[in-house]
Amino acid sequence: MPRPAYHNLYMPRYAAIDIGSNSLRMEAAEVTSSEPPQILVSERAVTRLGLSVFRTGRISAEAMDTVCGLLTTMAQQYKKLNVVGVRAVATSAVRDASNQKDFLTRASQAIGTSVEIISGQEEARLIHLGVQSRWPHPSQRVLIVDIGGGSAEIILSEKGHVAQAFSKPLGALRLTELFLKADPPREIEIHRLEQYIHERLAAAVTRVGNEKVDRVIATAATASAVVSAVNQIPRAKRDSADRVRASSSQLRKLYEDLCRSSLEQRRKIAGIGPRRAEIIIPGTAVLLSVLQSLNLPSLYYCAAGVRDGIIADLHARGAGRELAQLNRDQREIVEAMSTKYGVSLRHARKVARLTNDLFRGLQPLHNLPAHYGRLLEAAAYLHDVGHYVNDTSHHKHSYYLVLNSDMPGFDAKERELVANLCRYHRKAMPTGDHANLQPLDAETRRVVTMLSPLLRLADNLDRGHGQRVRSIECTLRNGEVILELQSDKDVGLEAWAAERNGEMFRQVYERPLVITKARA
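Numbering of residues starts from 1 in every chain and runs along the sequence as written. Confidence filtering applies because this is a predicted model: local features only for residues at pLDDT of at least 70, side-chain atom pairs given and counted only at 80 or more, and all residues used for totals across whole chains, interfaces and linings. As a rule here, side-chain values cover all heavy atoms of the structure and leave hydrogens and water aside.

Draft legend 1. Region of the structure containing the overall build of the chain. Counting its secondary structure elements, the chain contains 21 helices and 15 strands. Along the first, second and third principal axes, the C-alpha set of the chain runs to 90 × 55 × 35 Å. Between buried and exposed lies partly exposed: a residue is buried under 20% and exposed over 50% of the maximum accessible area for its type, with that area taken using a 1.4 Å probe on protein chains only. Counting across all 520 residues of the chain, residues that qualify as buried make up 56%. Note on contacts: a residue pair is in contact if any heavy atoms of the two residues lie within 4.5 Å. Pairs at least 24 residues apart make up 71% of the contacts formed inside the chain by residues separated by at least 6 positions. In these tables, accessible area is a Shrake-Rupley quantity obtained with a 1.4 Å probe, and a residue counts as shielded only by the protein chains included in the view. Element-wise, carbon and sulfur atoms account for 47% of the exposed surface of the chain, whose accessible area totals about 22,900 Å². The chain carries 70 positive and 57 negative side-chain charges, and their two centres are separated by 2 Å. Here a helix means four or more residues in a row that DSSP labels H or I, a strand means two or more in a row labelled E, and each is numbered from the N terminus. For the purpose of counting charges, residues Lys and Arg are taken to be positive, whereas Asp and Glu are taken to be negative. His and the chain ends are not included. A charged residue contributes its charge at one atom only: NZ of Lys, CZ of Arg, CG of Asp or CD of Glu.

Spelled out as structure tokens, the structure:
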């Protein structure tokens, strides 16, 4: 029988920016723990940021203006996607620039978040993470070679972990600027280039040793162009070059042809773009030198890079979860208010943790920005304060108390939304004729409608205040939403109570709801 469609619903979105010496890249992706990331948007622009650095030691004003303008545009794209985590890094050229502080200030202002310079070792780690996330090699010995504009990273991966990593000043743009002046290049220029590459790679080659390498994976645009060229893949279809092979002999022939060709001739070769043709010779020379020095027969291109590693790293660290949770000051305010009105803090904290699980786990269904998770958590702390007034219709009393309380750290609109979530944690569903909803705009009403079922479920999963449910795992199977209760106790009563109060969820989300205890 075919396996049922089954996947985790928690799919946070992250964005990555890689400010390289030759190009600027941005990527945003949706990530799960069990599947490769789904790329939502990917942009690349050739900037030649490193050119002025390699000539004068400084980033030119023109290059800085160009990159910062592009960064602003790229940031606008990923901000529309409700990403929960962003990391922007600068590599070789900015590492070497004497005016790097000025650049970092302007670049950070352009995207609204900090831009950091990373070391060659961190760059290598991120490249490795990116490759493993897109094309896992959990048991093989793999050599990863990334030829950037300013540096080359050589990474030995063993059983999915970095065994050794080297960062060398062998970027395609840097080497072109250093060695190649004539068009086509003169023999003495090629000789000096090859000698320099050989000397710079010698230590890494020795450290990698003669032990068998199961596969060589080359990343970045030089590798894409080389693999596309030897396999006659046009630039318009370069995405199809991913995981395609190029033999050492094919690289040798291509390299010899490139060295004899003028720039105009190189631009006519399939798979090599007009800008890449300007710097393709040194990049190919580095790839060929690695293969020949280690007697390796071929390489495979992989489309992954630093940006994919950033996204994998953000996901592994759980980045962005804090955006959906109360900050310290806000939590102190709601806990103090709960205590003031006689609410069991033990129960309130448990309901809050369970709402965190539900908000995060069901994000692909409600698709609400992360900050609404904070307000749901606040409502989890405050939903029972109305018992202080009267047990009868306590949800309505909770609404009144929250709406009319001083809550530093929450603005008036946020306080009103929290009050309405408390109002609908039991009994009636939100309907347009309810007076408490009239002051709300359409979007806030929608948020109340989407989040109220989650608060109801969380409250009922601790109905006896017994703290029996440790956490909730949200999954989707054959169109059904499955809530798996993580617990080492009997949670039959909690599951029954949540099932009884799950009708609101089914109506709002228009999906069947199944609540079950996870297998031990």
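Draft legend 2. Region of interest: the sheet that holds strand E6 (residues 115-117). At least two bridges found by DSSP between two strands is the condition for calling them paired. Read from one edge of the open sheet, five strands run E4-E3-E2-E5-E6, paired in mixed fashion. In this open sheet, the two strands that pair with only one neighbour each are strand E4 (38-46) and E6. Put simply, the sheet's adjacent strands are angled 15° from each other on average, direction ignored. As paired strands, strand E3 (residues 23-30) and E4 are joined by eight bridges and run antiparallel to one another. In the sheet register, Glu-30 faces E4, and the bridge partner there is Gln-38. Simply put, an axis is a line fit to the C-alpha atoms, just over the touching stretch for a helix, and the angle between two N-to-C directions goes from 0 to 180 degrees. Across the face of the sheet, helix H2 (residues 61-79) comes into contact with strand E2 (13-19), E3, E4 and strand E5 (85-90) while running at roughly 10° to E3.

Draft legend 3. Expanded view of the pattern of salt bridges. One side-chain nitrogen of Lys or Arg within 4 Å of one carboxyl oxygen of Asp or Glu is enough to make a salt bridge. Counted under the stated rule, the structure contains 34 salt bridges. Where Glu-158 meets Arg-141, a salt bridge forms, and the shortest distance between an N and an O atom there is 2.9 Å. With Glu-158 in strand E8 (residues 152-158) and Arg-141 in strand E7 (residues 141-147), this pair connects stretches of sequence that are 17 residues apart. Looking at Arg-141, the relative accessible area reads 8%, which means it is buried. Beyond isolated ion pairs, a larger network of salt bridges with shared partners links Arg-87, Glu-116, Glu-122, Arg-125, Asp-313 and Arg-317.

Draft legend 4. Representation of the packing of aromatic side chains in the model. Side-chain rings of Phe, Tyr and Trp, where Trp is taken by its six-membered ring, are said to pair if the distance between their centres is within 6.5 Å; with planes under 30 degrees apart they count as stacked, over 60 as edge-to-face, and otherwise as tilted. According to the stated counting rule, one finds four aromatic pairs in the structure shown. Where Trp-135 meets Tyr-300, the ring centres are 6.1 Å apart and the plane angle is 75°; that geometry is what we call edge-to-face. In this pair, Trp-135 sits in the loop between helix H5 (120-134) and E7 while Tyr-300 sits in strand E12 (residues 298-301), placing the two residues 165 residues apart along the sequence. Taking 5.1 Å as the distance between ring centres and 70° as the angle between the ring planes, the aromatic pair formed by Tyr-341 and Tyr-388 counts as edge-to-face. With a gap of 47 residues between them, Tyr-341 in the loop between helix H13 (328-340) and helix H14 (345-361) and Tyr-388 in the loop between helix H16 (371-382) and helix H17 (394-403) connect regions that are remote in the sequence. Given the relative accessible area of 12%, Tyr-341 is considered buried.

Draft legend 5. Examining the pairing of E12 more closely. Two elements, strand E10 (residues 215-219) and E12, share two bridges in a ladder whose sense is parallel. Bridge pairing links Ile-217 to Tyr-300 in E12. Here strand E11 (residues 245-247) pairs with E12 via three bridges, running antiparallel. Directly across from Ser-247, in E12, lies its bridge partner Ser-298.

Draft legend 6. Representation of helix H1 (residues 49-56) within the structure. Here H1 has its buried residues at Leu-49, Gly-50, Ser-52, Val-53 and Phe-54. Its buried side turned inward, H1 meets E2, H2, helix H3 (92-96), helix H4 (100-111) and helix H6 (172-179). With its phi angle positive at about 85°, Gly-57 sits one or two positions after the end of H1.

Draft legend 7. Local environment of the side chain of Ser-405. Here Ser-405 lies in the loop between H17 and helix H18 (412-423). If near-sequence neighbours (up to four positions away) are discounted, Ser-405 is found in contact with Met-337, Tyr-341 and Arg-415.

Draft legend 8. Focus on the nonpolar core. In this description, a nonpolar core means a group of buried Ala, Val, Leu, Ile, Met, Phe, Trp, Tyr and Cys residues linked to one another through side-chain atoms lying within 4.5 Å. In terms of nonpolar packing, the biggest core is built from 87 residues, with Ile-19, Phe-103 and Leu-143 touching the most fellow members. Residues in contact with Ile-19, not counting those within four places in the same chain, are Leu-24, Leu-49, Val-67, Leu-71, Val-89, Ala-90, Thr-91, Phe-103 and Val-115. Grouped together as the second largest cluster of nonpolar side chains are 86 residues, Leu-126, Ala-304, Val-351 and Val-447 included.

Draft legend 9. A look at unusual backbone geometry. Of note, the amide linkage connecting Asp-183 to Pro-184 takes the cis form, showing an omega dihedral of -5°. With respect to the helices, strands and loops of the structure, Pro-184 is situated in the loop between H6 and helix H7 (187-208). We note that Ser-393 has phi near 55°; this positive angle belongs to a residue other than glycine. Mapped onto the secondary structure, Ser-393 falls in the loop between H16 and H17. Look at Asn-478: it is not a glycine, yet its phi comes out positive at around 50°. Note on placement: Asn-478 falls in the loop between strand E13 (471-477) and strand E14 (480-486). Residue Asn-478 is classed as exposed on the basis of its relative accessible area of 57%.

Draft legend 10. Region of the structure containing the side chain of Ser-289. Tracing the backbone shows Ser-289 in helix H11 (residues 280-293). Given a relative accessible area of 13%, Ser-289 falls into the buried group. Setting aside chain neighbours within four positions, we find Ser-289 in contact with Ile-197, His-198 and Leu-201.

Draft legend 11. Structural detail: the sheet that holds E12. The six strands lie next to each other as E9-E8-E7-E10-E12-E11, forming an open sheet whose pairing is mixed. Edge positions in the sheet fall to strand E9 (161-168) and E11, since each has one partner strand and no second. When strand polarity is set aside, the average angle formed by the axes of neighbouring strands in this sheet is 25°. By the bridge criterion, seven bridges tie E7 to E8 in an arrangement that is antiparallel. Looking at the pairing, Ile-144 lines up with Ile-155 of E8. The strands touched by H7 within the sheet are E7, E8 and E9, with E9 carrying the most contacts at an inclination of about 165°. Against the sheet, H11 makes contact with E7, E8, E10 and E12, and its axis sits at roughly 160° relative to E7, the strand it touches most.

Draft legend 12. Quick look at H14. Between its first and last C-alpha, H14 extends 24 Å over 17 residues, near the 24 Å set by a 1.5 Å rise per residue. Where burial is concerned, most of H14 is hidden: 12 out of the 17 residues are buried. Buried within H14 we find His-347, Ala-348, Lys-350, Val-351, Ala-352, Leu-354, Thr-355, Asn-356, Asp-357, Leu-358, Phe-359 and Gly-361. To estimate how far a helix should reach, multiply one less than its number of residues by 1.5 Å.

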